Amino acid sequence: MARARSTVSSPYADKPWLSSYPTGVPATYAFPTFALTRLLDDATGTFPDHTALAFLGAKTSYRSLKDQVDRFAGALRSLGVVKGDRVALVLPNCPQNVVAFFATLRLGAVVVEHNPLYTEAELRHQLADCGAKVVVCLDRVYAKVAAVQKDTSVEHVVVTSLVDELPLVKQAQLRLPLAKARKARAELSATVPSGAKQYAALLKAATPVPGQEPVATTDLALLQYTGGTTGLSKGAMLSHGNLVANAYMNRLWDTDALAGREVTLAVLPLFHAYGLTVAMTNTILLGGTLVLLPRFDLDLVFAAIDTWKPTLFPGVPPIYKAIADSPKAKEHDLSCIRLCVSGAMKLPVDVAEQFAKISGAVLIEGYGMTETSPSTHANPTHGNGKVGSIGVPLPGTSCKVVDQEDPTREVAVGTPGELAVAGPQVFSGYWNRPDQDGVFTSDGYLLTGDVAVMDAEGFFTIVDRKKELIIAGGFNIYPSEVEEVLFGLEGVQDAGVIGVPDRYRGETVKAFVVRQPGSSLTEEDVVAHAATALTAYKVPKLVEFREALPRNAVGKLLRRVLVEEEAAKAAAPAKKAAPAKKAA
């Protein structure tokens, strides 16, 4: 795949049934152009009695899942939901999430996913911004939704409970004692206002929707909010075509996948684009079984592995590391796991080797972002991958590396630049943002904000985030490079690096370190270790030890939070000094 320039398309250009896609960007592939719900309908037609969802002892067949989807679509219709309306889901991984997702799409309406752990401020902004008509939420977060409802366009709130889906003997696994759970539900029922509805009651009474509301490939299916590096979160507009294409891309990449035979362990949250596509829609496309876990808990993970023997396990490095480090791992047979795709952050070599050793699974690193549904790159599943790289583009994906200051100019092979991607999985822009300047290149490629290098064989390596680049004394420093060195120091459990203002160098490197339990690691130890592997200007000048670092729902380090905290600390003394200055 060596080329004289840094543009490259997928190497799988030999399939005659894939021709072109309507994005305006030259391509080799076309993907099916139907509603995303077609994946569920086809799986139901082929595997009606196969288990579609497994949830802590509860099983749902494809026939039953489709029936619930059609019924809840009827329930939403009774609440006034029509094509184009937004329905917000504030749910963890549970059957109700999957049902509500496809039911919303059945009406041609738009799903808006939200993290149940959001604060009131975050929910208020996103619900108001998307203009959701209906919210489907977990009972535990109802109070937050109710508190912000007056500031939004929400007309109806539908409340559900994890208890509704659990066999009684399994309640203890969620640490939800039956008496406590029943009491909570009774209290909720007593306090729910007339405008709110109970999910189970709506589902039971609803008249099923007979068929799919006609939608075009370009019709909006999902608003997925993403924080980016700074500012308020924005809703990425993902169409039916985007999500269908990305499911097929992942299916084409996994050449060993067998329809009706795959079992996916869904630890990744479905309210994140990674879990939504790589875990849920890809599994339904395969007619496989989706094993839903409401949170990452080692005991739940091991129990699910023992019971369901998952073959696919998409995840993030902290998940694989936690399993590999656990003394309990030896008590469970992990050999059922065939393929793991790691994303959201750089996969450390030692973590990949350690997990592969105890499981025997193929663990590859991939890449994507919310705006690309999310997958764009992956390493090959049959060897020939490159450790530390994100691999090559998925089928139908084109990409190039452009100058960070002038995206109209491509950089040479081996030169760092901003990664730009195009393909049928790429979104159309941000909701309610008429100004899309800086999002796309003039020829239609999405500017990812990630700095990458492409080698002569077409493999890409992410160097860092463009906006998180540290410039100290005129030198460019990539935080991930420093973090990787710190992870190699014994006693370091977690690490993050940012640039902080420096009057002489412009910026200087500050490291945040979480010690492993029992470690007595010092600041001097960290600096000395970094100095053995890094040029002097890259070595952290400041080190702060913490109990934990801020990470998002899939474990990605939130450097912007660290930057904001440092800025707040720097501003605090100035604010305190202001009154004295005024008095003088």
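Summary of the structure given here. (Residues numbered from 1 in each chain as written. Predicted model: local features only at pLDDT ≥ 70, side-chain atom pairs only at ≥ 80, totals over all residues. Heavy atoms only, no water.)

**Describing the overall build of the protein**
Argument step 1. Of regular secondary structure, the protein possesses 15 helices and 25 strands.
Argument step 2. The buried share among the 584 residues of the protein stands at 56%.
Argument step 3. Contacts in the protein between residues far apart in sequence, at least 24 positions, make up 68% of those at least 6 positions apart.
Argument step 4. Only carbon and sulfur atoms are counted for the fraction: they give 55% of the accessible area of the protein, which is about 24,300 Å². (Helix = DSSP H or I, 4+ residues; strand = E, 2+ residues; numbered from the N terminus. Buried < 20%, exposed > 50% of the residue type's maximum accessible area, 1.4 Å probe, protein only. Contact = heavy atoms within 4.5 Å. Areas by Shrake-Rupley, 256 points an atom, 1.4 Å probe, with all protein chains shown as cover.)

**Things to note about the pairing of strand 6 (residues 134–138)**
Argument step 1. Most of strand 6 sits out of view: five of its five residues are buried.
Argument step 2. Side chains V134, V136 and L138 project from strand 6 onto one buried face, and the interleaved V135 and C137 project onto a second face that is buried too.
Argument step 3. As judged from the five bridges shared by strand 6 and strand 7 (residues 156–160), these two strands associate in the parallel manner. Bridge pairing links V134 to H156 in strand 7.
Argument step 4. Since strand 6 and strand 7 lie parallel, the crossover through helix 5 (residues 142–148) that links them has a hand, and here it is right-handed. (Pairing = 2+ DSSP bridges. Right-handed = clockwise from strand over helix to strand, strands pointing away.)

**So, the sheet that holds strand 15 (residues 375–378)**
Argument step 1. Taken in spatial order, the four strands of this open sheet run 13-14-15-16, and their pairing is mixed. Each end of this open sheet is capped by a strand with a single partner; those strands are strand 13 (339–342) and strand 16 (392–393).
Argument step 2. Sheet topology note: the strand 14 (residues 362–368)/strand 15 ladder contains three bridges and is antiparallel. Opposite G368, over in strand 15, you have S375 as the bridge partner.
Argument step 3. Taken strand by strand, helix 8 (residues 240–253) contacts strand 14, strand 15 and strand 16, and its axis lies near 15° from that of strand 15. (Axes fitted to C-alpha atoms, helices over the stretch in contact; angles between N-to-C directions.)

**A closer look at the packing of aromatic side chains**
Argument step 1. Overall, the coordinates contain seven aromatic pairs when judged by the stated rule.
Argument step 2. Arranged with centres 4.9 Å apart and planes meeting at 40°, the rings of F72 and Y199 form a pair that is tilted. Taken together, the residues span a long stretch of sequence, with F72 in helix 2 (residues 62–78) and Y199 in helix 7 (residues 199–205) at a distance of 127 residues. For the residue pair F72 and Y199, the accessibility class agrees, reading buried in each case.
Argument step 3. When the centroid spacing of 4.9 Å and the interplanar angle of 75° are considered together, the rings of F427 and Y430 count as edge-to-face.
Argument step 4. What makes F427 buried here is its relative accessible area of 3%. (Phe/Tyr/Trp six-rings, centres within 6.5 Å; stacked < 30°, edge-to-face > 60°.)

**Some points on the nonpolar core**
The tendency in soluble globular proteins is for nonpolar side chains to be buried as a group.
Argument step 1. Counting residues in hydrophobic clusters, the biggest one holds 144 residues, and the most contacted among them are F72, F101 and F313.
Argument step 2. Those residues in contact with F313 that sit more than four places away from it in its chain are L265, V267, I319, Y320, I323, I337, L339, C340, V341 and F355.
Argument step 3. Residues I470, V482, V497 and A530 belong to the second largest nonpolar core, which totals 19 residues. (Core = buried A, V, L, I, M, F, W, Y, C linked by side-chain atoms within 4.5 Å.)

**What to know about the sheet that holds strand 5 (residues 110–114)**
Argument step 1. Spatially, the seven strands line up as an open sheet ordered 8-7-6-4-5-9-10, and their pairing is mixed. At either margin of the open sheet sits one strand with a lone partner, and together these are strand 8 (196–198) and strand 10 (234–239). Here the average twist between neighbouring strands, direction ignored, is 25°.
Argument step 2. Of the strand pairs in this sheet, strand 4 (residues 86–90) and strand 5 are connected by five bridges, and their pairing is parallel.

**Examining the environment of T289**
Argument step 1. Take T289: it is sitting in strand 12 (residues 289–292).
Argument step 2. Judged by relative accessible area, which is 2%, T289 ranks as buried.
Argument step 3. Sequence-wise, T289 and V263 are 26 residues apart; in three dimensions their C-alpha atoms are separated by 4.7 Å.
Argument step 4. Ignoring any residue separated from it by four or fewer positions in sequence, one finds T289 in contact with H50, T51, A52, A54, E262, V263, T264, T283 and W308.
Argument step 5. Polar contacts involving the side chain of T289 include one to the side chain of H50, which spans 3.3 Å. (Polar contact = N/O pair within 3.5 Å; in protein donor to acceptor, adjacent residues only side chain to side chain.)

**Details of the pattern of salt bridges**
Once their charged atoms are close, side chains differing in charge can pair, the charge on each being opposite to the other.
Argument step 1. Evaluated as defined, the whole model comprises 31 salt bridges.
Argument step 2. For the salt bridge of D70 with K66, the shortest nitrogen-to-oxygen distance reads 2.9 Å. In this pair, D70 and K66 both sit in helix 2, four residues apart, roughly one turn of the helix.
Argument step 3. When its relative accessible area of 9% is taken as the criterion, D70 is described as buried.
Argument step 4. A salt bridge links E566 to K510, with the shortest nitrogen-to-oxygen separation between them at 3.1 Å. Here E566, found in helix 15 (residues 559–583), pairs with K510, found in strand 24 (residues 506–515); they are 56 residues apart in sequence, far enough to count as distant. Residues E566 and K510 agree in their burial class; the two are buried. (Salt bridge = Lys/Arg side-chain N within 4 Å of Asp/Glu carboxyl O.)

**Quick notes on the packing of helix 1 (residues 37–46) against helix 3 (residues 95–106)**
Argument step 1. Taken N-terminus to C-terminus, the directions of helix 1 and helix 3 make an angle of 110°; their axes are 9 Å apart at the nearest point. Looking at the two axes, helix 1 sits roughly perpendicular to helix 3. Each of T37, L40 and D41 in helix 1 lies in contact with helix 3, whose residues at this interface are F102, L105 and R106. (Parallel < 35°, antiparallel > 145°, perpendicular 65-115°, else oblique.)

**Let's talk about the environment of D450**
Argument step 1. Relative to the elements of secondary structure, D450 occurs in strand 19 (residues 446–454).
Argument step 2. We classify D450 as buried; its relative accessible area is 8%.
Argument step 3. Along the backbone, D450 and V463 are 13 residues apart, and their C-alpha atoms lie at a distance of 7.5 Å.
Argument step 4. Excluding residues within four positions of it along the chain, D450 makes contact with Y367, G417, E418, L419, I462, D464, R465 and K466.

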